[in-house]
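# Observations on the three-dimensional arrangement
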Amino acid sequence: MEKLLLVDGSNLLFQMFFGMPARIVNDQGKAIQGVLGFVGALLKMIRQVSPTHLAVLFDSEQPNGRALADPSYKANRKNEDAPFSQLDDIYEALDFMNIRHTETNGCEADDLIACYALSLCQKMEVVIASWDSDFFQLLSSQISVLRYRGKNTLLCTPTYVEDRFGVSPALYADFKALTGDTADNIKGAPGIGPKTAAMLLKEFGSLKAILKNAPSIRKAAVRTSILQNSEKLQINYQLIKLGKAVPLPFACCELAYCYNGITTNEALWGAGIR
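Residues numbered from 1 in each chain as written. Predicted model: local features only at pLDDT ≥ 70, side-chain atom pairs only at ≥ 80, totals over all residues. Heavy atoms only, no water.

Our focus in this paragraph is the nonpolar core. Counting residues in each nonpolar core, the largest one holds 56 residues, and the members touching the most others are Leu6, Ile128, Leu178 and Ile226. Ranked by residues supplied to this core, first place goes to helix H5 (residues 109-120) with 8 residues. Once residues lying within four places of it in the same chain are set aside, the contact partners of isoleucine 226 are Leu178, Ile192, Leu200, Ile210, Leu211, Ala214, Ile217 and Leu233. Grouped together as the second largest cluster of nonpolar side chains are 35 residues, Val7, Phe38, Tyr91 and Ile262 included. (Core = buried A, V, L, I, M, F, W, Y, C linked by side-chain atoms within 4.5 Å. Buried < 20%, exposed > 50% of the residue type's maximum accessible area, 1.4 Å probe, protein only. Helix = DSSP H or I, 4+ residues; strand = E, 2+ residues; numbered from the N terminus. Contact = heavy atoms within 4.5 Å.)

Here it is, written out as structure tokens:
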């Protein structure tokens, strides 16, 4: 069966840029540690997944709908612009390896990845490579999430989410709306932790149903928190929820890929990154 590997490029760049043990420079004194880590990790994932189709998708630095809906969304990341200084070299390496890649326009890479995954999962297996937990809401028998960390890389399935959080992937956006997400600077309802959120979703079935039936919540503190933060929780859900239709930059046939055994050093030298 065909298999599509969708790589959250910005997520991997930040992981590699800040995860490399030291600043590495090329012959001209230019920092390339992010590029070196990115290409090395990408090739390891390719060898592990063996995709027949592949795309690497990056966030644009331009404002998007989520930031307009809530100015605090990802505001905690604004000082982390150093990794983007190495993007051009990464693009050169991807071009040399014949790997399709692009930056988003008017949306986030999350949206493109979700749209590709949901539109193609009926015809091929989909693996999303990212540490962004928002992708857990997409998990199914045909969609998995690869969390790369060298020898400790983890392939997450629906069972992983159910065992760890006590909710199904279909309710993960509802769950995160209630608890918040520090990675994206999203604040949940005060006093609503993972266990309480899972309990509420088990009882009522969805965030929408929780808000509708909030006056009947038995525990007073939980009831008050939900009632006082109803509008915020609805905004949270919109920020976290994936799956809206967005224009896709490449047709499925354009994502066809066959690994030719190239190594990290060969990719960097071939792209002129020396």
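Bringing the pattern of salt bridges into the picture now. Scanning the entire structure with this criterion turns up 2 salt bridges. Note that glutamate 254 is salt-bridged to arginine 100, the shortest N-O span being 3.7 Å. Of this pair, glutamate 254 sits in the loop between helix H11 (230-240) and helix H12 (264-270) while arginine 100 sits in strand E3 (residues 100-103), and the two are 154 residues apart along the sequence. Given the relative accessible area of 35%, arginine 100 is considered partly exposed. Residue glutamate 203 is joined to arginine 218 by a salt bridge in which the shortest nitrogen-to-oxygen separation is 3.2 Å. Remark: arginine 218 occurs in the loop between helix H9 (207-212) and helix H10 (220-228) and glutamate 203 occurs in helix H8 (residues 194-204); sequence separation between them is 15 residues. Judged by its relative accessible area of 38%, glutamate 203 falls in the partly exposed class. You can call arginine 218 exposed: its relative accessible area is 66%. (Salt bridge = Lys/Arg side-chain N within 4 Å of Asp/Glu carboxyl O.)

Residues separated by three or four positions in an α-helix point in the same direction, a consequence of the helix having 3.6 residues per turn. Along helix H1 (residues 9-19), the residues that are buried comprise Gly9, Ser10, Leu12, Leu13, Phe14, Met16 and Phe17. Where H1 is buried, its residues touch strand E1 (3-8), helix H2 (33-49), strand E2 (53-58) and helix H4 (87-96).

A surface patch of like charges, here negative, comprises Glu61, Asp88, Glu92, Asp95 and Glu103. The greatest single-element share of the negative patch, amounting to 3 residues, is contributed by H4. Mapping aspartate 88 onto the fold places it in helix H4. Judged by its relative accessible area of 56%, aspartate 88 is exposed. (Patch = residues over 30% accessible without salt bridge, like charges linked within 9 Å, V, L, I, M, F, W, Y side chains within 5 Å. Areas by Shrake-Rupley, 256 points an atom, 1.4 Å probe, with all protein chains shown as cover. Lys, Arg positive; Asp, Glu negative; His and termini not counted. Charge placed at Lys NZ, Arg CZ, Asp CG, Glu CD.)

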